[in-house]
Amino acid sequence: MDADGTMSVDWNEWRDHFLFNPATDIQGIIRYWKHSTVLDIGDSLTIPDEFTEEEKKTGQWWKQLLSGGVAGAVSRTGTAPLDRLKVMMQVHGSKGKMNIAGGLQQMVKEGGVRSLWRGNGVNVVKIAPETAIKFWAYERYKKMFVDEDGKIGTMQRFISGSLAGATAQTSIYPMEVLKTRLAVGKTGQYSGMFDCAKKILRKEGVMAFYKGYIPNILGIIPYAGIDLAVYEALKKTWLEKYATDSANPGVLVLLGCGTLSSTCGQLASYPLALIRTRMQAQAMVDGGPQLNMVALFQRIIAQEGPLGLYRGIAPNFMKVLPAVSISYVVYEKMKENLGIA
């Protein structure tokens, strides 16, 4: 702050310090601290990132979304075996002591190494429509909450992001059901995504594509809320303590904050995610009546105890760090190739 080294601070030095302090540069903070666009862990329930006015005017926003989409596709493909193992443990975990090593061996034995990526195609294909719908809806919902100065608060941003996430999830939810059915299905049961869709439609009707929809939508609130709260708290702490020369946190800080906030969000919403997956797959697995969300929750507690709501969480946590690392590296490479500074 004492620019001229006189051991005293005059008005101009005091003013210039706060005027040019990078931690107060909102545009810089938005640019460097992107979270949901940069880091993809396979669950698209986070609050969308903000884009600066300059990014919107120059068209950089769509290049960043494209970079994020490609990064998400590579990241999900790289961690697909752990994702399928998570689904298998969620659906079949109660019938035996399925662990990580045993589950992987069982999948390879049943369908070969390629079966580890079963259902990944749908998981990748749904990135584009989900991202586009979420971004469009988020911009529309934000306009409903802006004040007279054109600003929007954290709570309003959270509500807008949650509504945008719900809108996007509603639009692409049938693909979520297809992903689960393909992941749980046996070798030869489905020839592909369209064959799976035709068989579900013929045997169970249109409503089968929205099984588990309610716990999925309810899961947005704890996941997005905790993810946003933890990430914002970590960001605020770093900016207050360490942003002396730049608002750029660096790779390790961004990955660390993103990993921790996403892990906390997943931990809070995981029981709802498990119930969603069970409801999506129970027509294939259970011979008894199709249970609703409350009845399924009660049965899991009665038969498996509270820990039954967290089956499959180990491989889910195992894929977080490689997922965010892969998505960050690919995102940066895509930005470089598209000429984004």
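Every chain's residues receive numbers from 1 upward, in the order its sequence appears when written. For this predicted model, a pLDDT threshold of at least 70 governs which residues receive local features, and a threshold of 80 or more governs which side-chain atom pairs are given and counted, while totals over whole chains, interfaces and linings are taken from all residues. Hydrogen atoms and water are omitted, and side-chain values are computed over all heavy atoms in the structure.

**Student:** Could you give an account of the confidence of the model for the chain, naming the residues involved and the relevant values?
**Tutor:** Scored from 0 to 100, pLDDT reflects the predictor's confidence in each residue. Of all residues in the chain, 83% attain a pLDDT of 70 or more, and the chain-wide mean is 83. In this text, helices come from DSSP runs of H or I with a minimum length of four residues, and strands from runs of E with a minimum of two, each type numbered from the N-terminal end. Summarising per-element confidence for the chain, the mean pLDDT is lowest in helix α1 (residues 11–20) (53) and highest in helix α10 (residues 193–204) (95).

**Student:** If you had to explain helix α8 (residues 127–145) to someone new, which residues and values would you point to?
**Tutor:** In this model α8 runs 27 Å from its N-terminal to its C-terminal C-alpha over 19 residues, within 8% of the 27 Å that 1.5 Å per residue would give. The buried label applies to any residue whose accessible area, calculated with a 1.4 Å probe on protein chains only, is under 20% of its type's maximum; exposed applies above 50%, and partly exposed to all values in between. If you check which residues of α8 are buried, you get Ile127, Glu130, Lys134, Phe135, Ala137, Tyr138, Glu139 and Lys142. Only heavy atoms matter for contacts: two residues are in contact if any of them lie within 4.5 Å across the pair. Check the buried side of α8 and you find it contacts α3 (53–58), α4 (60–78), α7 (120–125) and α9 (154–184). The span expected for a helix works out to 1.5 Å for each residue beyond the first.

**Student:** Which residues make up the environment of arginine 181, and what values go with them?
**Tutor:** With respect to the helices and strands, arginine 181 occurs in helix α9. Under the relative-accessibility criterion, arginine 181 is labelled buried at 0%. Along the sequence, arginine 181 and methionine 284 sit 103 residues apart, while their C-alpha atoms lie 7.9 Å from each other. There is a polar contact of 2.6 Å between the side chain of arginine 181 and the backbone oxygen of glutamine 280. Two N or O atoms count as a polar contact when they lie within 3.5 Å, although within protein this holds only if one can serve as hydrogen donor and the other as acceptor, and sequence-adjacent residues are included solely when both atoms are side-chain atoms.

**Student:** Break down the packing of aromatic side chains for me, with residues and values.
**Tutor:** Each aromatic ring pair is characterised by the separation of its centres together with the angle its planes make. Here is the rule: rings of Phe, Tyr and Trp (six-membered ring for Trp) pair when centre to centre is within 6.5 Å. Planes less than 30 degrees apart are stacked, more than 60 are edge-to-face, and the remainder are tilted. Scanning all chains against the criterion turns up four aromatic pairs. Centroid distance tyrosine 210 to tyrosine 213: 5.8 Å. Interplanar angle 70°. Geometry classified as edge-to-face. Overall, the relative accessible area of 24% leaves tyrosine 213 in the partly exposed class. Among the aromatic residues, those joined into a ring-pair cluster are Tyr173, Tyr210 and Tyr213.

**Student:** Hey, could you go over a nonpolar patch on the surface for me, with residue numbers and the actual values?
**Tutor:** Patch definition: residues with relative accessible area over 30% and no salt bridge; like charges joined within 9 Å; nonpolar side chains (Val, Leu, Ile, Met, Phe, Trp, Tyr) joined within 5 Å. All accessible-area figures derive from a Shrake-Rupley calculation using a 1.4 Å probe, and residue coverage is judged against the displayed protein chains alone. Here a salt bridge means any side-chain nitrogen of Lys or Arg lying within 4 Å of a carboxyl oxygen belonging to Asp or Glu. A contiguous nonpolar surface patch, about 250 Å² in accessible area, is contributed by Val108, Val113 and Trp117. Relative to the helices and strands, tryptophan 117 resides in the loop between α6 (100–111) and α7. Tryptophan 117 gets classed as partly exposed once you look at its relative accessible area, which sits at 35%.

**Student:** An account of the environment of histidine 92 is needed here, citing residue identities and associated values.
**Tutor:** By the element assignment, histidine 92 lies in helix α5 (residues 80–92). A relative accessible area of 22% places histidine 92 in the partly exposed class. Linking histidine 92 and valine 184, residues 92 residues apart in sequence, is a C-alpha distance of 9.0 Å. Not counting chain neighbours up to four residues away, the residues in contact with histidine 92 comprise Met98, Val184 and Val285.

**Student:** A description of the pattern of salt bridges should follow, citing residues and the corresponding values.
**Tutor:** Taken as a whole, this structure holds 14 salt bridges when the rule is applied. Here lysine 179 and aspartate 83 are joined by a salt bridge, their closest N and O atoms 3.0 Å apart. Taken together, the residues span a long stretch of sequence, with lysine 179 in helix α9 and aspartate 83 in helix α5 at a distance of 96 residues. Note that lysine 126 and glutamate 176 form a salt bridge whose closest N and O atoms lie 3.1 Å from each other. Here glutamate 176 lies in helix α9 and lysine 126 lies in the loop between α7 and α8, a separation of 50 residues in the sequence. Of the two residues, lysine 126 and glutamate 176, neither departs from the other in class, the shared state being buried. Look at the salt bridges and you will find they share partners, linking Asp83, Lys86, Lys179 and Lys319 into a network.

**Student:** Hey, could you go over helix α14 (residues 293–304) for me, with residue numbers and the actual values?
**Tutor:** Each α-helix winds once per 3.6 residues, and so residues spaced three or four apart point in a common direction. Over its twelve residues, α14 extends 16 Å from the first C-alpha to the last, a length consistent with the 16 Å expected when each residue adds 1.5 Å. Within α14 the residues assigned to the buried category are Leu296, Ile300 and Glu304. Down the axis of α14, the smallest arc covering the buried residues is 40°, so these residues share one side. Facing away from the buried side of α14 by more than 90 degrees, the exposed set consists of Gln298 and Ala302. As used here, the arc belongs to the directions running from the helix axis to the C-beta atoms.

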